[in-house]
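Commentary on secondary and tertiary structure
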Amino acid sequence: MAVKMLMKGAVLPGDSTVELKDFEVPVPGHGQVLVQTKATTICGSDIRCIYREHTGKGPEGYIPGMVAGHEPCGVIVEEGEGLKRFKKGDRVIVYHISGCGVCNDCRRGYYISCKSRFRQAYGWQRNGQYTAQ
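First, a word on scope: everything that follows refers to the structure included in this document. (Residues numbered from 1 in each chain as written. Predicted model: local features only at pLDDT ≥ 70, side-chain atom pairs only at ≥ 80, totals over all residues. Heavy atoms only, no water.)

On the surface, Ile42, Ile47 and Tyr51 cluster together into a nonpolar patch covering about 300 Å² of accessible area. By secondary structure assignment, the location of Ile42 is in the loop between strand S3 (33-40) and helix H1 (44-51). (Patch = residues over 30% accessible without salt bridge, like charges linked within 9 Å, V, L, I, M, F, W, Y side chains within 5 Å. Areas by Shrake-Rupley, 256 points an atom, 1.4 Å probe, with all protein chains shown as cover. Salt bridge = Lys/Arg side-chain N within 4 Å of Asp/Glu carboxyl O. Helix = DSSP H or I, 4+ residues; strand = E, 2+ residues; numbered from the N terminus.)

Here it is as structure tokens:
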């Protein structure tokens, strides 16, 4: 049995606090990478979550317990299978929205306009980058 590596992640409970919790370091799946954050910024939407729970719905709804943050840059430290464009050691900036990848808007690079149920924002519906090991 492999030992799971842990990292600290910042969670925004919406009561004017930020909580640090332990999370397993994710293993990249097909076409995915693991990025070690080197720099990040706080977004106005994160500030709203810190001071009061974000009450948005759908693509704007914050799922409680997610690692916050969606404006990172860093270095790829692990690769999943099936990568075509990136490799370990590449410096990257992560776009804050992940779309389905196959609709017309996603194929043109407009992930924020994706209407698919797979559209998710990092730090809102998927774990973001406010992490440390």
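Here the narrative resumes, following the displayed structure.
With that out of the way, let us pick up the pairing of strand S4 (residues 72-79). The two faces of a sheet get side chains in turn, since along a regular strand they alternate between them. Both S3 and S4 contribute to a ladder of seven bridges, which runs antiparallel. Bridge pairing in S4 links Val35 to Ile76. Bridge count for S4 against strand S5 (residues 91-93) is three bridges, and the pairing is antiparallel. From the neighbouring strand, Gly74 faces S5, where its bridge partner is Val92. (Pairing = 2+ DSSP bridges.)

Here we take up the packing of aromatic side chains. Scanning the model with the defined rule gives one aromatic pair in all. Centroid distance Tyr95 to Tyr111: 6.1 Å. Interplanar angle 55°. Geometry classified as tilted. Of this pair, Tyr95 sits in the loop between S5 and strand S6 (97-98) while Tyr111 sits in the loop between helix H2 (104-107) and strand S7 (120-121), and the two are 16 residues apart along the sequence. Judged by relative accessible area, Tyr95 falls into the partly exposed class, the value being 39%. (Phe/Tyr/Trp six-rings, centres within 6.5 Å; stacked < 30°, edge-to-face > 60°. Buried < 20%, exposed > 50% of the residue type's maximum accessible area, 1.4 Å probe, protein only.)

Remember, this is a structural readout, not a statement about activity or role.
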